[in-house]
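Architecture at a glance
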Amino acid sequence: MSKTPFIVVAATALTLGTVAAFAAAGPAGHSHENFSAGEPGNPKKPARVVQITMREADGKMLFIPDRVEVRKGEQIKFVLRNNGELDHEFILATTGENLKHAEQMKKNPDMEHDDPNGKRIAPKKGDEIVWRFTKAGTFEFGCLIPGHREAGMIGTVVVK
Ligand SMILES: [Cu+2]
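None of these values were measured; they are calculated from a predicted model. (Residues numbered from 1 in each chain as written. Predicted model: local features only at pLDDT ≥ 70, side-chain atom pairs only at ≥ 80, totals over all residues. Heavy atoms only, no water.)

The strand order across the open sheet built from 5 strands is E1-E9-E5-E2-E3, with neighbouring strands paired in mixed fashion. Strands with a single pairing partner mark the edges of an open sheet, and in this sheet they are strand E1 (39-40) and strand E3 (60-64). (Pairing = 2+ DSSP bridges. Helix = DSSP H or I, 4+ residues; strand = E, 2+ residues; numbered from the N terminus.)

In this section: the nonpolar core. Side chains that are nonpolar tend, in soluble globular proteins, to be buried together. Counting residues in each nonpolar core, the largest one holds 31 residues, and the members touching the most others are Ile52, Phe78, Phe90, Leu92, Phe133 and Val157. The contact partners of leucine 92, leaving out residues within four places of it in the chain, are Ala37, Phe78, Asn117, Trp131, Phe133, Glu140, Phe141 and Val157. (Core = buried A, V, L, I, M, F, W, Y, C linked by side-chain atoms within 4.5 Å. Buried < 20%, exposed > 50% of the residue type's maximum accessible area, 1.4 Å probe, protein only. Contact = heavy atoms within 4.5 Å.)

With that settled, consider the coordination of the copper ion. Taken together, His88 (ND1), Cys143 (SG), His148 (ND1) and Met153 (SD) make up the protein donors of the copper ion, found 2.0 to 2.6 Å from the metal. What the 4 donor atoms of the copper ion show is an angle range of 81 to 143° at the metal, which sorts the shape as irregular. Donor residues binding the copper ion come from one chain and are separated in sequence as H-x54-C-x4-H-x4-M. With a gap of 60 residues between them, histidine 88 in strand E6 (residues 88-93) and histidine 148 in the loop between strand E10 (137-142) and strand E11 (154-159) connect regions that are remote in the sequence. Of the residues examined, histidine 88 reaches a relative accessible area of 0% and is grouped as buried. (Donors = N, O, S within 2.8 Å, 3.2 Å for Na, K, Ca; no water. Tetrahedral: all angles 85-135°; square planar, octahedral: opposite > 155°, others 65-115°.)

Histidine 148 gets classed as buried once you look at its relative accessible area, which sits at 7%. Apart from residues no more than four positions distant in its own chain, histidine 148 is found in contact with Met61, Leu86, Asp87, His88, Cys143 and Met153.

All right, on to the packing of aromatic side chains then. Applying the stated criterion across every chain, the model contains 6 aromatic pairs. On the basis of an interplanar angle of 75° and a centroid distance of 6.1 Å, the ring pair of phenylalanine 78 and phenylalanine 133 is categorised as edge-to-face. Here phenylalanine 78, found in strand E5 (residues 75-82), pairs with phenylalanine 133, found in the loop between strand E9 (126-132) and E10; they are 55 residues apart in sequence, far enough to count as distant. In this structure phenylalanine 78 comes out as buried when scored by relative accessible area, which is 0%. (Phe/Tyr/Trp six-rings, centres within 6.5 Å; stacked < 30°, edge-to-face > 60°.)

Under the criterion given, the structure shown has 11 salt bridges. A salt bridge links lysine 106 to glutamate 103; the nearest nitrogen and oxygen atoms lie 3.1 Å apart. On the criterion of helical spacing, the pair formed by lysine 106 and glutamate 103 is a turn pair, its members being 3 residues apart in helix H2 (residues 95-107). According to the relative accessible area criterion, glutamate 103 is partly exposed, its value standing at 43%. For lysine 119, the salt bridge goes to aspartate 114, with nearest N and O atoms at 2.7 Å. Judged by its relative accessible area of 60%, aspartate 114 is exposed. Sharing partners across several salt bridges, the network here consists of Arg48, Arg71 and Glu74. (Salt bridge = Lys/Arg side-chain N within 4 Å of Asp/Glu carboxyl O.)

Structure, rendered in structure tokens:
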């Protein structure tokens, strides 16, 4: 009986601690709302088409091309094609964000992406991303399926 108040206080402190931890983890978690490489494009507006092919070759995995140059403010329609034998992804972000995201994918390799800045594409399939590069800088498109980025599935977008 005399212990009850202590337990209540301890439980309350624990609950608040947990809530605070969740709140802190929120923005750094698996968020697709804040895009580091610019913003989702408008499919009704003109866009320059950039074709990107994904495939495996000699133990490597690649994007072809793996470097794209863009003018700041330009809208690009990425026409993605997976010519490989495995699923691949195209996730457009910063290198830092992609590395963080890759860590999360190691815990959940079957995480599917169908976002404004990222798609998962089955073999012999295609998809599109319309993107407006509103920020200057160097950005990355990567395949974050565990092992793929490490095997070479990384590309660069330079926005000037
Ligand atoms: Cu891949």
